[in-house]
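Here's the letter readout for the chains.
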Amino acid sequence: MNSKSIKALKAIQAVAAAATLLVAASVSHAQATPAAASSPAKKELIAKLLQVQQPGIENLSRAVLQGPLGNLMQGAGAALQQLPPEKREATAKSIEAEVKKFAEENAPMLRDRAIKLAPSTVGAMLDERFNEEELKQLLAWLESPVNKKFSQMGGEMQKALTEKLMADTGNTLDTRFKVLQQSVAKQLGIPAKPASATAAPAPKK
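Quantities reported herein were computed from a predicted structural model and do not represent experimental measurements.

Novice: Sorry if this is basic, but what is going on with the overall build of the chain here?
Specialist: A count of helices and strands for the chain gives seven helices and zero strands. Its helices and strands in sequence order give the chain the pattern α-α-α-α-α-α-α, from N to C terminus. In the chain, buried positions account for 20% of the 205 residues. Long-range pairs, those at least 24 residues apart, make up 73% of the contacts in the chain with a sequence separation of at least 6. Looking at the chain as shown, the accessible area adds up to about 15,000 Å², and 61% of this sits on carbon and sulfur atoms.

Here it is as structure tokens:
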């Protein structure tokens, strides 16, 4: 791995660390800010709302972890190309295993902390900006069959739109992507490899 690759990886790690510190600072600020007093009935409504929204809170905790790891893997992938060909596969598998282990070890902690911090952050905002009647209406909507049906369609709607979008623009995008790829390869002084930009992303489940 050359010095440029090492510097690139260190830069990515620094960005990831800064992002983590920023999240931690925001959380600390939220914890230090006392929530305004509210009625027991209002507190119960907020607790129910947070329970309904728990899947979204868990998704947020995963995103906090996956963002920096994704950036790190992207930088590592680029740096791997600087290694001798015979070492790339083994090194890639080693890095992948280490990142996977890191995610498995830290995901539960982040999830639990996000759930624990939700009342003092999201809950406090709901308490501040919604009155009791509005909270009842919001909870009724979130728990309604109509909202549940709509939410369940999220992945299906995304898939349908993605497929139609790629069908309509795929050829044009693919041609333009190849031109871009050739330009970048030329600037780097490396041969361009055939690639396509038309592979549709997997729909969210």
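Novice: Looking at this model, I keep getting lost on the nonpolar core. Mind explaining?
Specialist: Across soluble globular proteins, you tend to see nonpolar side chains buried next to one another. Counting 11 residues, the largest nonpolar core consists of Leu-45, Ile-46, Leu-49, Leu-50, Ile-57, Ala-114, Ala-118, Leu-126, Leu-135, Leu-139 and Leu-142. At the level of elements, α2 (40-52), α4 (85-129) and α5 (132-142) are the ones that each hand at least two residues to this core. For this core, the element with the highest residue contribution is α2, accounting for four residues. Beyond its immediate stretch of four places on either side in the chain, Ala-114 contacts Ile-57 and Ser-61.

Novice: Where do I start with the pattern of salt bridges in this structure?
Specialist: Close approach of charged atoms lets side chains of opposite charge pair. For the structure on display, the rule yields six salt bridges. One salt bridge connects Arg-111 with Asp-112, and the closest N-O pair in it is separated by 3.4 Å. A residue is classified by how much of its surface remains accessible, and Arg-111, at 31% relative accessible area, is partly exposed.

Novice: Sorry if this is basic, but what is going on with the packing of α2 against α5 here?
Specialist: If you want to describe how two helices pack, look at the angle between their axes and the distance between the axes. For the pair α2 and α5, interaxial distance at closest approach is 10 Å and the crossing angle is 25°. One way to sum up the angle between α2 and α5 is to call them roughly parallel. As α2 packs across α5, the resulting crossing turns out to be left-handed. In this structure, α2 contributes Ala-41, Lys-42, Leu-45, Ile-46, Lys-48, Leu-49 and Val-52 to the contact, and α5 contributes Glu-132, Leu-135, Lys-136, Leu-138, Leu-139 and Leu-142.

Novice: Can you walk me through a nonpolar patch on the surface in this structure?
Specialist: A contiguous nonpolar surface patch, about 270 Å² in accessible area, is contributed by Phe-150, Met-153 and Met-157. Summarising the element assignment, Met-157 is placed in helix α7 (residues 154-188).

What counts and what doesn't
Residues numbered from 1 in each chain as written. Predicted model: local features only at pLDDT ≥ 70, side-chain atom pairs only at ≥ 80, totals over all residues. Heavy atoms only, no water. Helix = DSSP H or I, 4+ residues; strand = E, 2+ residues; numbered from the N terminus. Buried < 20%, exposed > 50% of the residue type's maximum accessible area, 1.4 Å probe, protein only. Contact = heavy atoms within 4.5 Å. Areas by Shrake-Rupley, 256 points an atom, 1.4 Å probe, with all protein chains shown as cover. Core = buried A, V, L, I, M, F, W, Y, C linked by side-chain atoms within 4.5 Å. Salt bridge = Lys/Arg side-chain N within 4 Å of Asp/Glu carboxyl O. Axes fitted to C-alpha atoms, helices over the stretch in contact; angles between N-to-C directions. Parallel < 35°, antiparallel > 145°, perpendicular 65-115°, else oblique. Left-handed = near helix turned anticlockwise from the far one by under 90°. Patch = residues over 30% accessible without salt bridge, like charges linked within 9 Å, V, L, I, M, F, W, Y side chains within 5 Å.

Bear in mind that shape data such as this cannot, by itself, settle questions of function.
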